[in-house]
Amino acid sequence: MTTFDRPSRALDWAVKMFGQVALDAKERAMRFTEEALELAHSLSVPRETVLALVDRVYSRPRGDVRQEVCQATMTLEVLAKAICINADDE
């Protein structure tokens, strides 16, 4: 299976594990936020820095969902490479 199948496989897994709530966009966004915070915490990003970032983001207009998904994906791929992790292998 190619890496292009990964999102479909992930969604199938999530629905099997968690049921229909896995299809709820706000629930997925909350789980994504939780994982992002855990990643930042694992890299010793200070809590105060994260809280300041939340204030900065929410002080701006909401972004376009498609653009934000692509930017989040790219940012995670770059972070993984920068810390010598191959996301495809993991």
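It should be emphasised that the depicted structure is a prediction, and the values quoted were computed from it without experimental measurement.

Turning next to the overall build of the protein chain. Looking only at helices and strands, the protein chain features 4 helices and 0 strands. The secondary structure elements of the protein chain, listed N-terminal to C-terminal, are α-α-α-α. Expressed as lengths along the three principal axes of its C-alpha atoms, the size of the protein chain is roughly 40 × 30 × 25 Å. Within the protein chain, the proportion of its 90 residues that are buried is 6%. On the protein chain, roughly 8,200 Å² of surface is accessible, and the fraction owed to carbon and sulfur atoms is 61%.

Moving on to the pattern of salt bridges. Evaluation of the coordinates by the stated rule reveals 3 salt bridges. Between arginine 31 and glutamate 27 there is a salt bridge, with the nearest N and O atoms lying 2.7 Å from each other. Residue arginine 31 and its partner glutamate 27 are both found in helix α2 (residues 25-42); the two are separated by 4 residues, about one turn of the helix. With relative accessibility at 30%, the residue arginine 31 sits in the partly exposed group. Residue classification places glutamate 27 among the partly exposed positions, given a relative accessible area of 25%. A salt bridge links glutamate 34 to arginine 31; the nearest nitrogen and oxygen atoms lie 3.0 Å apart. You can see glutamate 34 and its partner arginine 31 sitting in helix α2, 3 residues apart, about one turn around the helix. Because the salt bridges share partners, they merge into one network encompassing Glu27, Arg31 and Glu34.

How each quantity is defined
- Residues numbered from 1 in each chain as written.
- Predicted model: local features only at pLDDT ≥ 70, side-chain atom pairs only at ≥ 80, totals over all residues.
- Heavy atoms only, no water.
- Helix = DSSP H or I, 4+ residues; strand = E, 2+ residues; numbered from the N terminus.
- Buried < 20%, exposed > 50% of the residue type's maximum accessible area, 1.4 Å probe, protein only.
- Areas by Shrake-Rupley, 256 points an atom, 1.4 Å probe, with all protein chains shown as cover.
- Salt bridge = Lys/Arg side-chain N within 4 Å of Asp/Glu carboxyl O.

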